[in-house]
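Each chain, written out:
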Amino acid sequence: MNRHHLRQVAAVLATAATMVALAACGTSSHSSSATARTSTGFLVGPGVDAATKTITIGNIGAITGPAGPLGIPALAGAKVAVDEINATGGIDGWKLKILFRDAAYVPQQQVQAYDAINGQIAVLQSFGSPTTLAIQPQFDAAKLLTFPLSWDSAWDKDPLLAPVGTPYALDIANGLHYLITVKHLGTKIGIVYQNDEYGADGLRGLEAASKIDGIKVVAKATYAVGDTDMTAQAEAMKSAGAQIVVVTALPSTAGPLVGTAASLGYTPTYLFQGPSFVEQLVTATGAFGATATPIAGALSKDTYVMSFVTPWGNNVPGMREMLRWQKRFAPTQIPSIYFAWAYAQTKVLADVLRKAIESKNLSRAGIDAARLNVGTVYTGGLTPPVAYRPTLGPPSTGSIINRVDSKVQGFLDPVATNIKSPVDSTLG
């Protein structure tokens, strides 16, 4: 594969074809952390308008920058879930509203966006590991329940964070366990990982798995956000003889890595951490039947993706419901695992709010208590069941493993569900 084609891949993944319309930026009747009691006996806090029975969800995402191809469908998925909830009567009559800010996957911009909306929101959705880490001290101090659009192992140790899905480290350990003990694809493992908290969690999973499954870690290589020249990393994996390469990257880097390796005649088995994959890696627009990318063949050869949500179109109740509302509110949306996951996450968020409404306590303390005591939330098979409890810990520990297949819609073919490694789940 020549460098012209590699630049084409990087360009496709660095931008998105269209941008999702931003949600309305309304204001709340509470602009501070103060709590008030309504005439109907509800305790309410910031982001809760008792007069109109409206709850504002903050959403700090990334619809521009290197993570834009992931952040755009994620925002769309959250918006469709909110539209569905409102169209069906809300949560016991309470309607939801999204207040969105784009931070472009830049930690400092995440901090600025958080400061701008903190006093106007009841709960928060925060995109990315390094970006969520940047605002963690602030939302902890504000007692603001935050749903991270990422799966870092550190999240489930913070009562103010409500992750949906299996942590990255457990995901990688589970995936390697499957590839080594079930598929027998080799034990010489390399890893290419982003040089921040997102990448570090994938590395933690590999290191934990190496103590269980007889893994020999033969190569490690890092990169910085925005890097697209993966020559050194590909050569390091090839020269070390890595049979399986774990990729903890953004798609804009994962694509050039696979393409560069193929140009060197190196085609290992790849294990992608979930956010390494986006549908635009396979076709130019991400749509089934569109023009194939230069790396589509290499990806389809032997690439496995750890998925935080069931593949698009899978015949489970949650997916059927999601597709029905997607066709109504986002009819042009192409298959996207990030759309499905953000939709599922927002439905889980709504269940937490439902618990708080039942308790007549929509203050921040009341919403925090609802998260810790809501129990197990089921998403109709969209994700593994989500278990929230006062003792904290991973909300789920099983993993969905898919193989990249350009011949199926969404390009992911599920090969295993609820796979669990023998590693201690407290890793997550």
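Relevant structure appears above.
Residues numbered from 1 in each chain as written. Predicted model: local features only at pLDDT ≥ 70, side-chain atom pairs only at ≥ 80, totals over all residues. Heavy atoms only, no water.

Trainee: Before we move on, could you go through the sheet that holds strand 2 (residues 43–44) and cite the residues and values that matter?
Mentor: With mixed pairing, 3 strands are arranged side by side in an open sheet as 1-2-13. Every other strand in the sheet has two partners, leaving strand 1 (36–37) and strand 13 (361–362) as the edge strands with one partner each. Direction of pairing for strand 2 relative to strand 13: parallel, over a ladder of 2 bridges. The residue of strand 13 that forms the bridge with L43 is N361. (Pairing = 2+ DSSP bridges. Helix = DSSP H or I, 4+ residues; strand = E, 2+ residues; numbered from the N terminus.)

Trainee: Give me the lowdown on the pattern of salt bridges, citing residues and values where you can.
Mentor: Opposite charge on two side chains permits them to pair, given that their charged atoms come into close proximity. What the rule picks out here adds up to 10 salt bridges. Across the pair R354 and D351 runs a salt bridge, and its minimum N-O distance is 2.7 Å. Here R354 pairs with D351, and both are found in helix 11 (residues 337–358), just 3 residues apart, close to one helical turn. Classification of R354 as partly exposed rests on a relative accessible area of 29%. Classification of D351 as partly exposed rests on a relative accessible area of 27%. Linked through salt bridges whose partners overlap, the residues forming this network are D152, E197, D201 and R204. (Salt bridge = Lys/Arg side-chain N within 4 Å of Asp/Glu carboxyl O. Buried < 20%, exposed > 50% of the residue type's maximum accessible area, 1.4 Å probe, protein only.)

Trainee: Can you tell me about helix 3 (residues 107–117), naming the residues and giving the values?
Mentor: Within an α-helix, residues lying three or four positions from one another point in the same direction, as the helix has 3.6 residues per turn. Of the positions making up helix 3, those classed as buried are Q110, V111, A113, Y114 and I117. In a view along the axis of helix 3, the buried residues occupy a sector of 165°, so they form one face of it. The inward-facing, buried residues of helix 3 contact strand 4 (54–61), strand 5 (95–102), strand 6 (123–127) and helix 4 (129–142). (Arc of directions from axis to C-beta. Contact = heavy atoms within 4.5 Å.)

Trainee: Which residues make up the sheet that holds strand 17 (residues 412–419), and what values go with them?
Mentor: With mixed pairing, 7 strands are arranged side by side in an open sheet as 9-8-10-11-12-16-17. With one partner strand each, in any of the chains shown, strand 9 (216–223) and strand 17 form the two edges of the open sheet. The average undirected angle you get between the axes of adjacent strands in this sheet is 20°. Contacting strand 8 (188–194), strand 9 and strand 10 (244–248), helix 6 (residues 197–210) crosses the sheet at an angle of about 165° to strand 8. (Axes fitted to C-alpha atoms, helices over the stretch in contact; angles between N-to-C directions.)

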